[in-house]
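Letter by letter, the chains look like this.
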Amino acid sequence: DFSWKLADHPKLPKGKALAVVVLDGWGEASADQFNCIHVAETPTMDSLKQGAPEKWRLVRAHGTAVGLPTEDDMGNSEVGHNALGAGRIYAQGAKLVDIALATGKIYDGEGFKYIKECFDAGTLHLIGLLSDGGVHSRLDQLQLLLKGASERGAKRIRVHILTDGRDVLDGSSVGFVETLENDLAKLREKGIDARIASGGGRMYVTMDRYENDWEVVKRGWDAQVLGEAPHQFKSALEAVKKLRSEPKASDQYLPPFVITDDNGKPFGPIVDGDAVVTFNFRADRMTMLAKALEYQDFDKFDRVRFPKIHYAGMLQYDGELKLPSRYLVSPPEIGRTSGEYLVHNRVRTFACSETVKFGHVTFFWNGNRSGYFNQNMEEYVEIPSDSGITFNVKPKMKAVEIAEKARDAILSRKFDQVRVNLPNGDMVGHTGDIEATIVACKAADEAVKMILDAIEQVGGIYVVTADHGNAEDMVKRNKKGEPLLDKAGKVQILTSHTLQPVPIAIGGPGLAPGVRFRKDVPNGGLANVAATVMNLHGFEAPSDYETTLIEVVDN
Ligand code: 3PG
Ligand code: CO
């Protein structure tokens, strides 16, 4: 019979304050000038590393260790926090969509049937991130969906693209648009009226997250739904090339544009009777648009028109909100997360980050579930992020504020677990600005110090880890690991995450003597952290959780 009750750990005590610190985008890589963590002053993280191998080790944070299709898939915050919080490895959205497309099951589901109802009289609109990054979406999945939908009766298709440059190299948008244009041209040869209708850079158009800045979603809405944007072009290729040639332009931040016919009429506004699919599988940056497309009552911006459409997400993005209500592929069912277990076992939890990562340490941590398990046992604090800036401008972000909140929560002694995400390494790493990323890493290190000092004061324990790599490698490399140069002889800056492992460190005055990392879990990954954390709270982990990383030796 199922019970939420966790068995007592035979050797470890309950009631110690535990800080769980997740450094976002903080991997381990060899030391060179493109390793911003190495270049930055990071005395706190350096000193934790001195505890190896008993108190510091590396864990896997990419590929199959976090439920991604292949070992070539870099880690990301969604799958990383899912694994950290759930303690088990789930086939993730990327893989589930691959399977659904390969087997054709995607076309038998309720979601596809629902959008198909519009194929005779309406247009099928596909909105999403155009790249092969594999973090939010993948081009090959879009290609298969285009093929599958057209073979099943879609006669008029409009693609609304969001250019990437964040999970893939900046500048790669041009190639992706070319590929898509070729595919659409082939569909047109078959008599299907298929085109790109609008576009924009992901960070400026549509893909905001955690309600940081609704203007981003509004810009997308205006282009995608209303057919209105500051820039009009005859083709998407022309649009991307032209907009990229502006000073300081980048794929991530291209302004919104619409594609128009010879009379200047936009090709693809979304109107009554159309079908819409948001083809990203990852939730965080599609949830806001999903609300705008689905909710009758909506006050985040003036939609001007609210077309009567059949809308489906590639996945259901939020299991608690059941958003969107229609979807093509069922999301991973991540239940019985460590957070839910711990509240059932009277572990009082505090979680905090700034807006841009707030949902990582709550929503993703809790298995893509928004809200509290038990509000009497939990407190989640969101520190408002700066909006409308790229974070290389303010690389310290809200690290101090997050650390202060964590410190106060620890010193209040009202919580057993105080969990934070420190975004700096990741958010600044994604800008590709090396100088700023070095400042970011130092700021994150200082925040860790503040939290560890508080743990010291209350006699607690800490677990310091990361969700995936980013700041430790800022350059694209060849197979030998040498930096790649572009045509102009400049190194190619890597704005994306990496395949690197991440550190995990344990310690603090409350850590029972004899606790150390086991040697017999050499391939341990992020999913092993949940059992480890449960042990440190004085509990055994459920038997189906990935095994703990620690052991207690008598001494
Ligand atoms: C983003 O959404 O910012 C990137 O695609 C992935 O970054 P994250 O996984 O660290 O959030
Ligand atoms: Co990131």
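All values derive from a computational prediction rather than experimental measurement.

Parameters at a glance
- Residues numbered from 1 in each chain as written.
- Chains lettered and ligands numbered in written order.
- Predicted model: local features only at pLDDT ≥ 70, side-chain atom pairs only at ≥ 80, totals over all residues.
- Helix = DSSP H or I, 4+ residues; strand = E, 2+ residues; numbered from the N terminus.
- Rg over C-alpha atoms; globule rule 2.2 N^0.38 Å.
- Contact = placed C-beta atoms within 7 Å.
- Axes fitted to C-alpha atoms, helices over the stretch in contact; angles between N-to-C directions.
- Parallel < 35°, antiparallel > 145°, perpendicular 65-115°, else oblique.
- Nonpolar A, V, L, I, M, F, W, Y, C, P; charged D, E, K, R; others polar.
- Pairing = 2+ DSSP bridges.
- Near = placed C-beta within 6 Å.
- Domains from an automatic or database assignment.
- UniProt positions renumbered as here; feature names shortened; annotations may be inferred.
- Core = buried A, V, L, I, M, F, W, Y, C linked by C-beta atoms within 7 Å.
- Buried ≥ 20, exposed ≤ 12 C-beta atoms within 10 Å, placed from the backbone.

### Details of the overall build of the protein
Of regular secondary structure, the protein possesses 17 helices and 17 strands. Against the globule reference of 24 Å for 555 residues, the protein gives a C-alpha radius of gyration of 24 Å, in line with a compact fold. Viewed in the frame of its principal axes, the protein has a C-alpha envelope of about 80 × 60 × 40 Å. The contacts in the protein between residues at least 6 apart in sequence include a share of 79% that link residues at least 24 apart.

### Focus: the packing of helix H14 (residues 399–411) against helix H16 (residues 434–458)
Remark: H14 packs on H16, axes separated minimally by 9 Å, with the N-to-C direction vectors making an angle of 10 degrees. By the angle between their axes, H14 is roughly parallel relative to H16. Of H16, the residues touching H14 (which contributes Ala 399, Val 400, Ile 402, Ala 403, Ala 406, Arg 407, Ile 410 and Leu 411) are Ala 443, Ala 444, Glu 446, Ala 447, Met 450, Ile 451, Ala 454, Ile 455, Gln 457 and Val 458. Counted by class, the contact of H14 with H16 contains 15 nonpolar, 1 polar and 2 charged residues.

### Let's talk about the sheet that holds strand E9 (residues 310–315)
One open sheet holds the 8 strands; their spatial order is E6-E7-E5-E4-E3-E8-E9-E10, and the pairing between them is mixed. Unpaired on one side and paired on the other, strand E6 (231–233) and strand E10 (327–329) mark the two borders of the sheet. Strand-to-strand twist across the sheet, computed as the mean angle between neighbouring axes with direction ignored, equals 20 degrees. Contacts between helix H6 (residues 139–151) and the sheet are confined to strand E3 (124–130) and strand E4 (156–163), with E3 contributing the most and set at about 170 degrees to the helix. Most of the contacts of helix H8 (residues 214–226) go to strand E5 (residues 193–201), to which it runs at about 160 degrees, and overall it touches E3, E4, E5 and strand E7 (257–259).

### Focus on the site of ligand 1
All residues adjacent to ligand 1 are Asp 24, Gly 25, Asn 76, Ser 77, Glu 78, Val 135, His 136, Arg 166, Asp 167, Arg 285, Asp 426 and His 430. Here the shell around ligand 1 spans two domains, and each of domain 1 (20–91 + 334–552) and domain 2 (94–329) adds at least three residues to it.

### Topic: the UniProt feature "domain: BPG-independent PGAM N-terminal" (unreviewed entry) in the protein
Those places that UniProt annotates as "domain: BPG-independent PGAM N-terminal" (unreviewed entry) correspond, in this numbering, to residues 98–318. Secondary structure over residues 98–318 splits into 33% helix and 18% strand, and the C-alpha atoms at its two ends are 20 Å apart.

### Observations regarding the domain arrangement of the protein
Parsing the protein into structural domains produces domain 1 (20–91 + 334–552) and domain 2 (94–329). Each of domain 1 and domain 2 has a C-alpha centre, and the two are 31 Å apart. With 24 residues of domain 1 at the interface, the matching set in domain 2 holds 24 residues. Per element, the largest residue contribution to the side of domain 1 that touches domain 2 is 3 residues, and it comes from helix H12 (residues 355–358). Each residue belonging to the side of domain 1 that touches domain 2 can be placed in one class, and the counts come to 5 nonpolar, 15 polar and 4 charged.

### Considering the nonpolar core
Note on soluble globular proteins: their nonpolar side chains tend to be buried together. Counting residues in each nonpolar core, the largest one holds 165 residues, and the members touching the most others are Ala 19, Val 21, Ala 406, Ile 451 and Ala 530. Here the element with the most residues in this core is H16; it accounts for 13 residues. Here this core spans two domains, and each of domain 1 (20–91 + 334–552) and domain 2 (94–329) adds at least three residues to it. Ala 19 has contacts with Ala 406, Ile 410, Val 418, Ile 451, Ile 455, Gly 460 and Tyr 462, leaving out every residue within four places of it along the chain.

### Examining the pairing of strand E11 (residues 349–354)
Of all 6 residues in E11, 6 are buried; the element is thus mostly enclosed. One ladder, built from 6 bridges, connects E11 with strand E12 (residues 378–383); its direction is parallel. Its bridge partner being in E12, Glu 354 is matched across the sheet by Ile 383. Looking at chain direction, E11 and strand E13 (residues 417–422) are connected through 4 bridges and run parallel. Across the sheet, Thr 349 pairs through a bridge with Gln 417, a residue of E13.

### So, the environment of His 468
Secondary-structure assignment places His 468 in the loop between strand E14 (461–466) and strand E15 (502–507). Remark: the alpha-carbon pair of His 468 and Asp 299, spanning 169 residues in sequence, is separated by 35 Å. In this structure, His 468 is in contact with Gly 25, Gly 27, Ala 61, His 62, Met 74, Gly 75, Asn 76, Ser 77, Gly 80, His 497 and Val 502, ignoring residues within four places of it in sequence.

### What to know about the packing of H6 against helix H7 (residues 173–189)
One can describe the packing of H6 onto H7 by two numbers: an axis separation of 11 Å at closest approach and a directional angle of 10 degrees. The angle between the axes of H6 and H7 places the two elements in the roughly parallel class. From H6, Leu 139, Gln 143, Leu 146 and Ser 150 reach across to H7, where they touch Phe 176, Thr 179, Asp 183 and Leu 187. The residue makeup of the contact of H6 with H7, split by class, is 4 nonpolar, 3 polar and 1 charged.

### Remarks on unusual backbone geometry
Of note, the bond from Ala 52 into Pro 53 is cis; its omega dihedral lies within 30 degrees of zero at 0 degrees. Tracing the sequence through the fold places Pro 53 in the loop between helix H2 (43–49) and strand E2 (56–59). Here the amide bond leading from Leu 323 into Pro 324 is cis, since omega sits at -10 degrees, within 30 degrees of zero. Mapped onto the secondary structure, Pro 324 falls in the loop between E9 and E10. A positive phi angle, close to 60 degrees, is found at Arg 413, a residue other than glycine. Relative to the assigned elements, Arg 413 resides in the loop between H14 and E13.

### Structural notes on the sheet that holds strand E1 (residues 18–23)
Read across the open sheet, the 7 strands follow the order E2-E15-E14-E1-E13-E11-E12; overall the sheet is mixed. For this open sheet the edge positions go to E2 and E12, each flanked by a neighbour on one side alone. The mean angle between the axes of side-by-side strands here comes to 15 degrees, regardless of whether they run parallel or antiparallel. Pairing of E2 with E15, which is carried by 4 bridges, proceeds in the antiparallel orientation. Directly across from Leu 58, in E15, lies its bridge partner Pro 503.

### Focus: helix H4 (residues 93–103)
A large share of H4 lies buried, amounting to 8 of its 11 residues. Listing the buried residues of H4 in full gives Gly 93, Ala 94, Lys 95, Leu 96, Val 97, Asp 98, Ala 100 and Leu 101. Buried residues belonging to H4 abut H6, E9 and E10. Taken from the residues just after H4, Gly 104 is the one with a positive phi, measuring 80 degrees.

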